[in-house]
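So you can see what is in the structure, the chains are spelled out below.
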Amino acid sequence: MFECFGAGQQITQHIFGGVTRRDNPAKASAMFGAFESLRLIQEIRYYLRVLVEHPLPRTLLEQVTALDATAESLAEASADTMASEPVESLRTQAGLLLGRASQHLRGRAPTPGTTPSRMGAHGDLAGADLHGATLDHGDLRGAVLIGADLRQATLHLTDLLGADLRHTRLHGADVRNALFVTQTQLNAAQGDAITTIPPHLRRPHHWEGD
């Protein structure tokens with residue numbers, strides 16, 4: 001799965017003034033480095049914009065807004081700046097903030113000293129039978145759901161940040177309020193006309209025949 005969140009277009013049209021790596025091969029290395037940094041920045045901004053659509057406490061919302069402003073400034077910076085320490089700092093801050101926001105929205109706090117279970121964050125659920133399961137408010141961040149059966153499952157406020165949904169069966173599932181779902185995740189999954197998805201995303205064309 002891969003999504004550039006508009007980074008490729010911004011790199012060629014704005015950061016490097018319309019010059020591509022084919023036009024100037026000597027700049028290829030700098031372009032690739034800047035692209036990776038900008039893609040990360042844009043991905044973080046996507047998740048932050050998802051958050052502001054949900055009810056958050058004022059303090060948490062202010063932190064989200066402030067971090068988005070920082071990310072926006074970095075996205076408009078030079079290629080050298082984007083490839084340096086500020087981007088790593090942004091990644092760290094975003095990871096912590098997205099985690100706190102997710103916990104608040106899901107209404108569940110992590111248990112100190114525990115490791116992720118099979119049903120939790122980063123769990124291995126490849127091929128799992130979750131047909132009709134209620135997964136509301138769950139933490140499936142980074143979980144492997146390759147080929148899992150989630151038909152008719154509900155995922156209200158379920159954290160799916162970075163979850164691997166390749167060939168996941170979402171026929172009739174309700175993922176409209178799942179947290180941090182991307183277009184690439186939906187494109188990699190299977191679904192149908194009655195799968196409910198977040199309003200800002202598109203129903204994949206190949207779902208029509210599933």
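It should be emphasised that the depicted structure is a prediction, and the values quoted were computed from it without experimental measurement.

Caption draft 1: Quick peek at the overall build of the protein. Each helix and strand counted, the protein has six helices and zero strands in total. Ordered by position from N to C terminus, the α and β elements of the protein give α-α-α-α-α-α. Sequence separation of 24 or more characterises 36% of the internal contacts of the protein that already satisfy a separation of 6 or more. When the accessible surface of the protein is summed, it comes to about 10,900 Å², and 52% of that surface belongs to carbon and sulfur atoms.

Caption draft 2: The arrangement of the side chain of T158 in detail. Turning to its location among the elements, T158 is positioned in the loop between α5 (85–106) and α6 (183–188). For T158, a relative accessible area of 0% puts it in the buried group. Apart from the residues within four sequence positions on either side, T158 is in contact with L135, D136, H137, G138, L140, A178 and L179.

Caption draft 3: Here's a closer look at α5. The end-to-end C-alpha distance of α5, which contains 22 residues, comes to 32 Å, matching closely the 32 Å that a straight helix rising 1.5 Å per residue would cover. Of all the residues in α5, the buried ones are V87, L90, A94, L97, L98, G99, A101, S102, L105 and R106. Once α5 ends, the next one or two residues include G107, with phi positive near 75°.

Caption draft 4: Quick look at the environment of L150. With respect to the helices and strands, L150 occurs in the loop between α5 and α6. On a C-alpha basis, the gap between L150 and R169 in space is 5.4 Å, while along the polypeptide they are 19 residues apart.

Caption draft 5: Up close: the packing of aromatic side chains. Within the structure shown, the criterion is met by two aromatic pairs. A centroid spacing of 5.6 Å and a plane angle of 65° characterise the contact between Y46 and Y47, whose relative ring orientation is edge-to-face. Taken individually, Y46 and Y47 each receive the classification buried, so the pair is uniform in this respect. Between Y47 and F180 the ring centres are 5.6 Å apart and the planes differ by 85°, which places this aromatic pair in the edge-to-face class.

Caption draft 6: Summary view of the confidence of the model for the protein. Put simply, the protein has an average pLDDT of 83, and 73% of its residues get 70 or more. The model gives residues 109–117 a pLDDT under 50, and that stretch makes three contacts with residues more than four places away or in other chains.

Caption draft 7: Layout of the packing of helix α3 (residues 58–75) against α5. At their nearest, the axes of α3 and α5 sit 11 Å apart, and the two run at 155° to each other. Relative to α5, α3 is oriented roughly antiparallel. Crossing angle aside, the handedness with which α3 passes α5 is left-handed. Here L60, Q63, V64, L67, A71 and L74 of α3 come into contact with α5, specifically with P86, V87, L90, Q93, A94, L97, R100, A101 and H104. Class assignment for the residues of the contact of α3 with α5 results in eleven nonpolar, three polar and one charged.

Caption draft 8: Looking closely at the nonpolar core. Counting residues in each nonpolar core, the largest one holds 52 residues, and the members touching the most others are L51, L145, L150, L155, L160, L170 and F180. Those elements that place two or more of their residues in this core are α2 (28–51), α3 and α5. The element contributing the most residues to this core is α2, with nine residues. Not counting the four nearest positions on each side in its chain, L145 is found in contact with L125, A126, L130, L140, L150, L160, A163, D164, L165, R166 and T168.

Cut-offs used in this document
Residues numbered from 1 in each chain as written. Predicted model: local features only at pLDDT ≥ 70, side-chain atom pairs only at ≥ 80, totals over all residues. Heavy atoms only, no water. Helix = DSSP H or I, 4+ residues; strand = E, 2+ residues; numbered from the N terminus. Contact = heavy atoms within 4.5 Å. Areas by Shrake-Rupley, 256 points an atom, 1.4 Å probe, with all protein chains shown as cover. Buried < 20%, exposed > 50% of the residue type's maximum accessible area, 1.4 Å probe, protein only. Expected span 1.5 Å × (residues − 1). Phe/Tyr/Trp six-rings, centres within 6.5 Å; stacked < 30°, edge-to-face > 60°. pLDDT = per-residue confidence, 0-100. Axes fitted to C-alpha atoms, helices over the stretch in contact; angles between N-to-C directions. Parallel < 35°, antiparallel > 145°, perpendicular 65-115°, else oblique. Left-handed = near helix turned anticlockwise from the far one by under 90°. Nonpolar A, V, L, I, M, F, W, Y, C, P; charged D, E, K, R; others polar. Core = buried A, V, L, I, M, F, W, Y, C linked by side-chain atoms within 4.5 Å.

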